[in-house]
Structures are given as C-alpha cells and as structure tokens.
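Spelled out from the first residue to the last, the chains are:
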Amino acid sequence: MNYYSLNHKAPVVNFKEAAIRGQAPDKGLYFPEKLPVVGQELIKNIEATDEAEIAFRVIKPYVGGTIPDDALYQIVSETVNFPFPLQQVTDRIAALELFHGPTLAFKDVGARFMSRCLGYFLKDEKKHVTVLVATSGDTGGAVASGFYGVEGVDVVILYPKGRVSPVQEKQLTALGKNITALEVNGNFDDCQRLVKQAFIDADINTKRFLTSANSINVARWLPQQFYYFFAYKQWPDKKTAPVITVPSGNFGNICAGLLAKITGLPLGHFIAACNANDVVPEFLQTGNWQPKKAVATLSNAMDVGDPSNFVRIMQLFDRQMVKLKDILSAQSISDATTTDTIREVFNTTGYILDPHGAVAFKAIEHYLSDHKQSKGFILETAHPVKFPDAVQQATGKEVPVPEALRSLMLQPKHAVAMQPDFEAFKAYLLD
C-alpha cells in the first residue's frame, strides 16, 4: 500500500514514510493509492472475532508490510485493550461509548496506534522526531498519553487558552517529561495555523524533524475505522444497516467511518453532527466551501472553522457532490439545544450525554423523525466528566470523577503562554 498527496505534487510513499512525515512535502494530505476490500469472512464472523483480531485485519492492508504481522498485532492489541460498549439509550438510538480509554476520549485509539507505530519505526533510527499537534480539546490529552515516555519523540501541543475544559487542560499540561504544552491566546484555528506554518518553514525543518499527530496523519486517521467495526459487531439487527451520527469538528473520525463503509462494512446513512461551526452543513446545502473563524461552543472539540479532513471525504466520493450527499448529510446544533438535549435524555432515560454526544443525539433524532423505519447509533466521544459545568447545569447532577482522574487533577499545570504569532512560535521551536 502506497500513499499519494491530495495536492498531487509530491512523491508517492509507503505507510512508514507517510506516518513519519505526517503531511506531504507539497502540504497535501496523504491518501491511499487504492482502497482495500473488507473480507466477507470478517463481516460474517465478526461476532465471534475479538477486537484485536478485527483491528489487525482492518489495518493490515493499509500498513502494507512496513510492520511485520507479529509486531502489528502487538500494536493493535495494545491500542484497543479497553471496552467499546454499544449502549441502548432509546428503542431506536444507541450510543457507542468511546471514552473508556486512558484519557476518556475517542482519540485514545488513534494516538495509541500512532505512537506505537512511530516507536517501532524509530527504534533503530538516529533521528529525533518532534510531534506538533494543535488541539481543540481531546486530541492533546490523547497524544500526550500515547507518546508519554516514547524514546526519540518530543511532543509539542498547542491549545487555545480558556477554550478547553479543566480536565482536558490537565491531561495535556500535567505530564511533563517529553510532553510540552503551549497555551495560545487564541482559538483552535490559530493553533492549527501555527502548526501548518511550522511544517513549511525551512529554518525549523532544518533543525527539527517534524511530524503531525492530528488526524491529518494517516496513522491517526486510519485506525478510527475500528470504532465502526466494533459497533457493527454489537449491532443487534444485522439485516438493517444502522444510521450513524458522528460529532464532527476536523472530520477525521467520520471520514474513517465513511472509508469503512465504502470498503465493505454494511453501514447505513452517515450524519455529521456539527455545532455552531457549520462550514460543512452549509457546504452540503449550497455547494460553496467557505471556511470561517471558529467560534467557541460547549462542544469545544468540534470548534473548527476549516476542517482539514474534508478533502479526504471528497476524495472518497470522487469529488462528486451527488455521490456524497447520497450517503452523508450534516446538521448544525446550537448550544441551547445541546443543553436541552442533555437534560431531556437524562430525564427520560437516565443516560448522561456529554455536549458532543448531545449534538449527535439531537441530529439523529431529527433524521429518524423523517425516516420512521430506521434505527442507528451515535458516537459518544468523550466522558461527561470532561464537561462538568455543562452537564451539571443540564442535569442538576455532579458527574463523579473516575478514580483514574483524581490523582491527575491534583498535579500542577505546566504550560508555556504564547500569543498566536508565528515568529514567537518559531523562536520557541528553534531554541
């Protein structure tokens, strides 16, 4: 399996090179040259197949022999060694809980897989890699946890000041060692802009070997397919393809789900559930792609005004709008509706949604009201404890802090304050 740049001005590379580089030299995102077909034996026997074996079979074609089978199986076994339960919330809506990993967020899977792949690739290399990552919330903590203590890798995380929750901030600022957090006085798009500029700066790239741990990196993006296979394994009605609603910010997660569907997993319609950052819902309505400045919302991990991965979604559908809209729709949900949804679902079912899950829940409710025979599931991407104020305001209940978080919350914060100025960021990296 080789990968080409979606800007079409860079050499084709294998999985190893794509994972280490993160982004192509022409600043395009890497995309597989051909899409493998999911084996029907796996689909037929999925209920009897354990998660590590499912993950191994899904990802093996994309790795393309750059990691031996035994080492790859070990990597995926460590990546998915926690539960992914599909919880029934109402008679027509279930929630795939992706928050049972070490940082209580769905991004644990991609970060753990990528960190272990890079650890394998670099174990015999003399080069030292700097991982640059911009985060709107959960990515930073997952990357910090996944790469903590990995030999030959330094991690620099940029996050927007005052726009991540207390738990999210603690997860990316409390570890230390090879993890550095930069607290940027701006929004997520400012953080992402600084990272993108660093990748094209000749001075920085002469001194540091950079890679990205955002979902633009194929080693972060591709393993997110696992969620959809694990959900299908638990889906009770195999004769009816489930409608799937994904809280969407940078669109890496839903892009992986669409990839799983296109390559053979029997899934139904996809809904991109967005907050007030509605670039994609507007695009699907008007056909005009108009990035905007990100606005702050309760569902902060989705506060993205220029989603990087949407170019991959367009590629999956041969850049044909008719094909895209046949499988994908999108909705924008306000903060007020998000809060109301948390309250209503809790009062009627006892289930506690986090703000991202609430956005998805309301979006699938809207869809199912017009499709009476359909059922589906949302991706519940973060533990409610990460958003205590929003959840308590909606439910009147405090969310108990999991034991794993209690000691972390007592650790001091270590972050470098920075303005959203590239020269200041460049000086920091060159120092």
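For the chain, the name recorded in an unreviewed UniProt entry is Threonine synthase, with Niabella soli DSM 19437 as its organism. In its Sequence similarities (unreviewed entry) section, the UniProt entry covering the chain states "Belongs to the threonine synthase family."

Before going further, it helps to spend a moment on the UniProt feature "modified residue: N6-(pyridoxal phosphate)lysine" (unreviewed entry) in the chain. Under the present numbering, the feature "modified residue: N6-(pyridoxal phosphate)lysine" (unreviewed entry) in UniProt falls on Lys107. For Lys107, a relative accessible area of 10% translates into the label buried. Once residues within four sequence positions are removed from consideration, Lys107 is found in contact with Asp138, Thr139, Ala142, Arg220 and Tyr227.

This part is about the UniProt feature "domain: Threonine synthase N-terminal" (unreviewed entry) in the chain. With numbering matched to this structure, UniProt assigns "domain: Threonine synthase N-terminal" (unreviewed entry) to residues 2–79. Along residues 2–79, the helical share is 46% and the strand share 12%, with 23 Å between the first and last C-alpha atoms.

This paragraph deals with helix 6 (residues 138–147). Among the ten residues that make up helix 6, nine are buried, leaving the element largely enclosed by the rest of the structure. Three or more residues of helix 6 are buried, namely Asp138, Thr139, Gly140, Gly141, Ala142, Val143, Ala144, Gly146 and Phe147. Turning to helix 6, the residues buried within the fold contact helix 5 (107–122), strand 6 (129–134), strand 7 (153–160), helix 7 (166–173), strand 8 (179–184) and helix 10 (218–221). Residue Gly149 follows helix 6 closely and has a positive phi angle near 80°.

Bringing the pairing of strand 11 (residues 270–274) into the picture now. Within strand 11, five of the five residues are buried, leaving the element largely enclosed by the surrounding structure. Alternating positions in strand 11 separate into two faces, Phe270, Ala272 and Cys274 on one and Ile271 and Ala273 on the other, with burial throughout. Relative to strand 11, strand 10 (residues 243–247) runs parallel, the two sharing four bridges. In the sheet register, Ile244 faces strand 11, and the bridge partner there is Phe270.

For Gln373, the location among the structural elements is in the loop between helix 17 (355–370) and strand 13 (376–380). Sequence separation of Gln373 and Asp190 is 183 residues, and the distance between their C-alpha atoms is 43 Å.

The N-to-C vectors of helix 3 (residues 51–63) and helix 4 (residues 69–79) enclose an angle of 125°; their axes lie 9 Å apart at closest approach. As summarised for this structure, helix 3 and helix 4 are arranged oblique, according to the angle between their axes. The hand of the helix 3/helix 4 crossing is right-handed. Every residue of helix 4 that contacts helix 3 at Ala52, Glu53, Ala55, Phe56, Ile59, Lys60 and Val63 is listed here: Asp69, Leu72, Tyr73, Val76 and Ser77.

Its place among the elements puts Thr297 in the loop between helix 13 (279–286) and helix 14 (310–316). The spatial distance from the C-alpha of Thr297 to the C-alpha of Ser334 is 8.4 Å, given a sequence separation of 37 residues. Not counting residues up to four positions away in its chain, the partners in contact with Thr297 are Asn275, Ala276, Asn277, Asp303 and Asp335. A polar atom in the side chain of Thr297 sits 2.9 Å from the side chain of Asn275. Within the structure, the side chain of Thr297 is placed 2.6 Å from the side chain of Asp303, a separation counted as a polar contact.

About the cut-offs
Residues numbered from 1 in each chain as written. Predicted model: local features only at pLDDT ≥ 70, side-chain atom pairs only at ≥ 80, totals over all residues. Heavy atoms only, no water. UniProt positions renumbered as here; feature names shortened; annotations may be inferred. Buried < 20%, exposed > 50% of the residue type's maximum accessible area, 1.4 Å probe, protein only. Contact = heavy atoms within 4.5 Å. Helix = DSSP H or I, 4+ residues; strand = E, 2+ residues; numbered from the N terminus. Pairing = 2+ DSSP bridges. Axes fitted to C-alpha atoms, helices over the stretch in contact; angles between N-to-C directions. Parallel < 35°, antiparallel > 145°, perpendicular 65-115°, else oblique. Left-handed = near helix turned anticlockwise from the far one by under 90°. Polar contact = N/O pair within 3.5 Å; in protein donor to acceptor, adjacent residues only side chain to side chain.

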